[in-house]
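Fold and geometry: a report
As a plain string of letters, each chain reads:
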There are 4 protein chains.
Amino acid sequence: MRIIKKKIGEYAELTGYLHELNDETDNIKEYPAILIFPGGGFRTCSFLESEPIALAYLAEGYQAFTLKYTTVTDKENATIEDPMTDAQKALEWIRDCREEYCIGKEQLALLGFSGGAHLAAATATHGPQRPDVLLLGYPGILHSELRALECPDIIECIDEKTPPTFLFGTRDDKVTPPKHILVFAQCLEQKNVEFEVHIFRKGEHGFSLAKPLTSVGDKNRVNPDVAQWFQLSVRWLKEMLGEFTVYGVNDGRIGKYSIDTRVCELLESPEAKELVLTYLPMLSEELPVFIKDWITPRILNKNQKSLSQEKLEELDQKLLTL
Amino acid sequence: MRIIKKKIGEYAELTGYLHELNDETDNIKEYPAILIFPGGGFRTCSFLESEPIALAYLAEGYQAFTLKYTTVTDKENATIEDPMTDAQKALEWIRDCREEYCIGKEQLALLGFSGGAHLAAATATHGPQRPDVLLLGYPGILHSELRALECPDIIECIDEKTPPTFLFGTRDDKVTPPKHILVFAQCLEQKNVEFEVHIFRKGEHGFSLAKPLTSVGDKNRVNPDVAQWFQLSVRWLKEMLGEFTVYGVNDGRIGKYSIDTRVCELLESPEAKELVLTYLPMLSEELPVFIKDWITPRILNKNQKSLSQEKLEELDQKLLTL
Amino acid sequence: MRIIKKKIGEYAELTGYLHELNDETDNIKEYPAILIFPGGGFRTCSFLESEPIALAYLAEGYQAFTLKYTTVTDKENATIEDPMTDAQKALEWIRDCREEYCIGKEQLALLGFSGGAHLAAATATHGPQRPDVLLLGYPGILHSELRALECPDIIECIDEKTPPTFLFGTRDDKVTPPKHILVFAQCLEQKNVEFEVHIFRKGEHGFSLAKPLTSVGDKNRVNPDVAQWFQLSVRWLKEMLGEFTVYGVNDGRIGKYSIDTRVCELLESPEAKELVLTYLPMLSEELPVFIKDWITPRILNKNQKSLSQEKLEELDQKLLTL
Amino acid sequence: MRIIKKKIGEYAELTGYLHELNDETDNIKEYPAILIFPGGGFRTCSFLESEPIALAYLAEGYQAFTLKYTTVTDKENATIEDPMTDAQKALEWIRDCREEYCIGKEQLALLGFSGGAHLAAATATHGPQRPDVLLLGYPGILHSELRALECPDIIECIDEKTPPTFLFGTRDDKVTPPKHILVFAQCLEQKNVEFEVHIFRKGEHGFSLAKPLTSVGDKNRVNPDVAQWFQLSVRWLKEMLGEFTVYGVNDGRIGKYSIDTRVCELLESPEAKELVLTYLPMLSEELPVFIKDWITPRILNKNQKSLSQEKLEELDQKLLTL
C-alpha cells in the first residue's frame, strides 16, 4: 500500500490510504473507494473520525480517502461554501485519478460523521459531483445551532438522484438526535431511493468505531452493540458496489467444468480429462494427491505459464460447454 | 418446560411455552415474558410468526406466549374491537398469573408482526393494559387498505406512557414499507420515549426469523443479514428488562471476597481463610486442586447443606466487608 | 410442538421436544434430530445440560431429545453397561419412531457433555446403534478418577465408521482438560474421519450454553466468547445433515424461470408469460404491484388451489426448460 | 500512520504499518505490536499472507510488521539458519525500537502462516528472541517434504517458556493437516502453557483471511465460517496483551465519582458539586443540557486547559474518595 497527500484547497487536503495491484491477486484489477468526511462542527476535523475509519475500510479492501476540509478555525470568516467547494474538488480529483489508483467505475462511496455527515449529505444532494453511495453516521441534517456553519437546506434537495444511503446513530445522542436520520430516511422513501437505517439504543455522540481505540478513554464511546454498525456497513457496501471477483461464483460464468475446477474433478470426467490433457499434458503425470486435490488449470498456468492467455480462455470456453 | 393453552375469548386462545423452576438453577426465581401477536392482515394468524418465534425466545429464557386472536375468517362481521379485546384479556390474564408462571414484575414484552404489530401498537397506545416494552416487526401502523380491519388511529395516541419500542423491517417491503416504522419512531422521539430501529436493505414482507425454517421455501425470506434482528432484539430486551442473576456481577453485591469467591482465592487471604474455616471447617482439609480451583462456599453449601441459609448469608456479609 | 416422555429402562427416560408438521410450512416434511446426554459424572444427570440445550436446538428446527440415563445414585451397583444400554435403547427407539416424529433419514445427531460426552463417545464407537454425527462438549474421553463409572476404552475403538465429530471445550478446564479433545481428534484424523475442534482459552467446566440462563449464577460460567460454540455447532450440523428446503436454492432445480419466480419477472419474458397465463389465467388481470412483486405461481396456487399438484409440476418443468 | 521499510539481512526486509500518537487520543500512549511471517514453503513469501493481514491488525490498533525472510529463491543454498536468523533480527530490531514506535512492553505478538508458521514456531521455541504470544495459521510443525527447508525439531523444544499460542486451521487441509496443530497443542498442555485452538471443518490451505480480497479468485478460499478466525484472534490477543485504556473501566481507578463522571451527575451530589466548583468554577454557569449530559472535568480541561495536570489529578483523587 501507499499513503498519498493531495492539497486541494488553501485549507483542504486529501489523504489516500491505497492498495496497489500485485501479481499474486490477479482476480483484483480495481478496488471500490470510500471518501471520509470527519466531524467537528466545522470547527475542527476530528482525527478519530478520519484515519481509524480509513484504516478499517482499507483492511476490507477499499481505497480509502479522508478529507481535511476548511473550518472556521482555519478561516475565521469561512462560509459553508468553503467546505462545500473542498468536497466537490475532492470527489472530482478522486474520479480524475480513478485509473491511476485502480478505483472501480461508479464505486465511490462517501461517508460523513456528525458535521461531516451534514457536509456529505449536502454534497450528495447538491452536487454537481455526487458519490455513488452515501453513508451518514450520527448526522446533522436539520438546522442546528451547534454547528459553526449551516449548509443550504438538505431535505428540500433530496430527489430521485440522491444516492442510496446507509444511516446510523443512537437514540440518546443529545447533539444530533435521531430525528435527523428519521426525516432523511422518510424523504428518501418518498423519492424512491434505497436506504438502510440502524438507530441503536445507547451511545455517545462521536462514538466513531465505538471501540477503545477510538474512545479517547471515554467509556460511553465504547459499546459492542453500536460497534456493529461497521460490519453492517461493509455488508451493505458490498451489496451496493459489488464484491471482488471469485471465479465461477460472481463472474457470470456458468458451467459444471471450467479452468477453475480442481484437477481431481476434471480427471474424473472422460470429456473434461481429454480436453485438459490436450492443453495441459503435464496433468497426465502422476501428480501427488495433495496437488490434484487443490490445483486448477488456472492456478497451474499461473505458476507454469505453459499456455497463453488466449489458449487458457479457449480451454475455459470448451470446458464450460461440456 | 410445559405447554399451556388458555381460551380467552370465543375465537381467541393463548398458548404458553413455559420454563419451570428447578433446584439446580437457584439463581433464577423469575423469568421475563414475551407475548407474540402473529400477522395475517386480520384474515388469519400466521403459524410462522407464532410458534417458531415463541420457541426462539423460550430458548433465550423467556416465558413465551402466542395469541391466536379473532380474525374476519373466524367472525365475518368482526371489527377491530374483537382482537383489541382479545389483546387486553391476554395481557390481563398473563399478569394475573404472574406468580403462578414465575414471571418477573414489569417484565412483560409484547411483540407483533405485520397486522399483528398493528394490533400490538394499538394495544400499547390505547391500553388500559399495556406491555412493559414493545417490539414491532414490519409493522402496519398507518392506514392501509391491505388489512381486513383498521385500528383506531395509533400515531395520535403515542404519548409519554407508550412503552420503549424496538422496530425492525426492510426497505423493500411492499406491504408495510418503512414509512410505518419511521413515522412511529419520530412520534416516540417527540414524546421522549426510548426506541431502537433497524431497517435492513432487502427482505420480503413476512420474513419471520428470515431462516429456512420459517421461509415456506421462499428464497426471499431467507436472509442472514435480516436474521440479525432476532439477536439485536434479545440484547435490547436484556437491557430493558434485565438479565438473570449472576452473583457478584449484576446482583448489587460489591466486595473483594464473598461466598462466590473460589476457595483457592479465599485460602490465600489470612482474614478470609480464618472466616471461611470457622464456618466451613471441611475446607481446611487437603482438597484436590481441581476442586479448590472452582468450588465456592455457595456451591459447596448447595451440595453439602452444612450451613443454614442465614449462616451462609452471615458469612457472605463478613467476607464482603473484608 | 409437543413434549413426549418415554421410559426406556428402569432408571432411564427420554424426553422429546418435538415440532409438528403444519400446512403453512409445506417446504418442511422432516426435521433433523438431536439426542442430548447431560453430564454429571454418572452421579446425576444435570438439568442445565438437558432442557436448556434441547430448547436451543428446538428453536433452530431440531427434534430434540434428552436422555435421563442410569447413574450410581439411581442404582448403587450400576456399571457402565447400565447407561450404555440406555443409550442404545434411546437411539433405537428414536429411529423406530422416525416416521411418526418426522425425523429425516440419517439425520440423528448425538450431543454429550462431560460424563455424558464420555457416554456419547462410547456409544458412537462401540455401537451397534451409532448416531449419524457426534458432538462432544468438554468431554471426558481418557480414563479419569472423577467419574463414578468408567467406560470401556474409547480411543482404541475409534475407526473409519466413527461418525463425524464436533468437539468443544476450554483450555482451563480442570475436570476434563483439553487433552481429552486433542487425543480424540488425533485418532479421528488417523482414521480419516471428519471433525471440527474449538478449544477456547477460558471457561469453567460445566458451562453449558455459557450464558446467565445456564450459569447457576456463577460468573465463571458466563462467557460470550465460549458461548459461540452453540452457533458454530448449528452451522456445522447444517453442513453435515443438510438444511430445510429453499426452492430453487438447495432443492436441485436449476433454471432461469420456475414456479418460484416472482410473477413480475415471469410477465416480463414473452415465453414465460404465455406459459403462465395458459395455466394460471387470473394472472393476466391487472394485479396490484405489491402483489406482482412478491407472488409466485407456487404461492398463488397454495392459496387458490386452481391447479392440481401434477399440473403445477408440469408448469414448473416447462418453465425450467425455458 | 506511516509505512517504514527496514532491511535486516541480505534477503530480508521488515515493513512496518504504524500508528502515530496524536493529541486527540490521549488515552493511548502505546500500541501492541504484531509481526507477521507469510507462508510459501520457503520458496516465496506470499503477499496474501503479508500486507492484507498487517492491514487487518493495523485497523484493530496494532503496530503491524511483515517480514520478507530469506527463501531458496533468493539464495539457492539457503539453510533454515538463514530465515531463523532473519526472524531473530526482526524481533530484536522491533524491541530495540519499542519506544520510537510506541510499542507496549511485552506486547509483541508473532503470527505465522503455513511455512511461515513453521518459522514462527521454531523462533518461539528456540529463541533467544521469543515473542510474547504466538499465533499459528495452518502451521507446518512436524516434518514435511513439502517445505524447501526443514527447521530443527520444534516439538522437542516446547517448554514452559514457550509463549501462549493461538492455533487455527482446517480439517481438510491437505498440505498441513490438523495433526500439526493437535500435536503442538498437546505439548503445550503438557508443559502447562496457555493456548486456544480452532480447527474448522472446511477450507483450502492458504486461505489467509478467507475473504474474496485474499482469495486469488479461488472459491475454496472464501469461507465466512473460517473467516471467523480473525475476530477470534483479536479477542484472544486483547485478553493476552490488554486493551487500550478506558478511564474508570480498565485503568484500576475505583470510586463513585471521578474526573470522568458526567457533569450532570457531579452537580447532583452536594459534596461532588462543591469540589468541582472549587476547581472548575465555570461549571456553575448555566450550561446547556446537551453539554452537561456528556462533558466531564477531564474533557472540559482538555479543551480549556484551566487546570494544570497536577491540579486535575488532585481533583480526581478527592472525587474518588467521596
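Residues numbered from 1 in each chain as written. Chains lettered and ligands numbered in written order. Predicted model: local features only at pLDDT ≥ 70, side-chain atom pairs only at ≥ 80, totals over all residues. Heavy atoms only, no water.

With respect to the environment of K191(B)
Mapped onto the elements of the fold, K191(B) is located in the loop between α4 (179–190) and β8 (195–200). For the pair K191(B) and D159(B), spaced 32 residues apart in the sequence, the C-alpha separation amounts to 5.6 Å. (Helix = DSSP H or I, 4+ residues; strand = E, 2+ residues; numbered from the N terminus.)

A short note on the environment of L300(C)
All names here are of chain C. With respect to the helices, strands and loops of the structure, L300 is situated in helix α9 (residues 297–304). The class of L300 is buried, set by a relative accessible area of 7%. Sequence spacing of L300 and L280 is 20 residues, and the spatial spacing of their C-alpha atoms is 9.1 Å. Setting aside anything within four residues of it in sequence, one finds L300 in contact with L280, M282, L283, I295 and K305. (Buried < 20%, exposed > 50% of the residue type's maximum accessible area, 1.4 Å probe, protein only. Contact = heavy atoms within 4.5 Å.)

Thoughts on the interface of chain A and chain D
Every contact between the two is made by 49 residues of chain A and, on the other side, 49 residues of chain D. Taken together, the two surfaces of chain A and chain D that pack against each other cover about 4,100 Å², and 61% of this comes from carbon and sulfur. Seen at the junction of chain A and chain D, the total is 14 residue pairs in polar contact (both at pLDDT 80 or more). Breaking the side of chain A that touches chain D down by element, the ones donating at least two residues are β1 (2–9), α1 (51–59) and α9 (297–304) of chain A. (Buried area = accessible area lost by both parts, 1.4 Å probe. Polar contact = N/O pair within 3.5 Å; in protein donor to acceptor, adjacent residues only side chain to side chain.)

Quick look at the environment of N27(A)
Along the polypeptide, N27(A) turns up in the loop between β2 (12–18) and β3 (31–37). As a C-alpha pair, N27(A) and Y247(A) span 220 residues in sequence and 8.1 Å in three-dimensional space. Contact partners of N27(A), with chain neighbours within four places excluded, come to F244(A), T245(A), Y247(A), P212(D), S215(D), V216(D) and G217(D). There is a polar contact of 2.8 Å between the side chain of N27(A) and the backbone oxygen of T245(A).

A look at unusual backbone geometry
Cis geometry is found at the peptide bond from G127(A) to P128(A), where omega equals 0 degrees. Mapped onto the fold, P128(A) is located in the loop between α3 (115–126) and β6 (133–137). One non-glycine residue, A210(B), lies in the positive phi region at around 60 degrees. The residue A210(B) is located in the loop between β8 and α5 (228–241) in this model. Among the residues examined, A210(B) registers a relative accessible area of 2% and is labelled buried. Notably, V216(B) is not glycine yet its phi reads approximately 45 degrees, a positive angle.

Brief notes about the relation of the copies chain D and chain C
If you rotate chain D by 180 degrees and push it 0.0 Å along the axis, it lands on chain C with an RMSD of 0.1 Å. Here the symmetry operator amounts to a two-fold rotation axis. Identified as the residue of chain D closest to the rotation axis by C-alpha distance is H198(D), at 2.3 Å. A share of 100% of the interface residues of chain D reappears at the interface of chain C, consistent with the copies meeting face to face through the same patch. (Least-squares fit on C-alpha atoms with pLDDT ≥ 70 in both.)

Here's the deal with the relation of the copies chain A and chain D
Once turned by 180 degrees and shifted 0.0 Å along the axis, chain A lies on chain D with an RMSD of 0.1 Å. Here 100% of the interface residues in chain A have copies in chain D that are interface residues too; the copies meet face to matching face.

Some thoughts on empty space enclosed by the protein
Taken as a whole and assessed by the stated rule, the structure comprises nine cavities of 30 Å³ or more. In this structure, the largest cavity occupies an estimated 110 Å³ of space. Forming the walls of the largest cavity are 13 residues, and the residues nearest its centre are F47(A), P52(A), L213(A), H19(D) and Y31(D). Secondary-structure elements contributing two or more residues to the lining of the largest cavity are α1 of chain A together with α1 (51–59) of chain D. The leading source of residues in the lining of the largest cavity is α1(A), at three residues. The residue inventory of the lining of the largest cavity, partitioned by class, reads nine nonpolar, two polar and two charged. (1 Å grid on protein atoms, 1.4 Å probe; cavity = no way out; pocket = protein on both sides within 12 Å on 5 of 7 lines; lining within 4 Å. Points joined across faces, edges and corners; volume = space filled by probe spheres on them. Nonpolar A, V, L, I, M, F, W, Y, C, P; charged D, E, K, R; others polar.)

Concerning the pairing of strand β3 (residues 31–37) of chain C
Residue and element names in this part refer to chain C. Burial analysis of β3 places seven of its seven residues in the buried class, the great majority of the element. Bridge count between β3 and strand β5 (residues 103–113): six bridges; the pairing is parallel. Bridge assignment links L35 to a residue of β5, and that residue is L110. Summarising the sheet, β3 and strand β4 (residues 63–68) pair through four bridges and their orientation is parallel. When the bridges of β4 are listed, L35 appears paired with F65. Chirality of the crossover, the property in question, places the unit of β3, helix α1 (residues 51–59) and β4 among those that are right-handed. (Pairing = 2+ DSSP bridges. Right-handed = clockwise from strand over helix to strand, strands pointing away.)

Things to note about the arrangement of the chains
The two units chain A and chain C never meet; even their closest C-alpha atoms stay 12 Å apart. In this view chain B stays clear of chain D, with the nearest C-alpha atoms of the two still 12 Å from each other.

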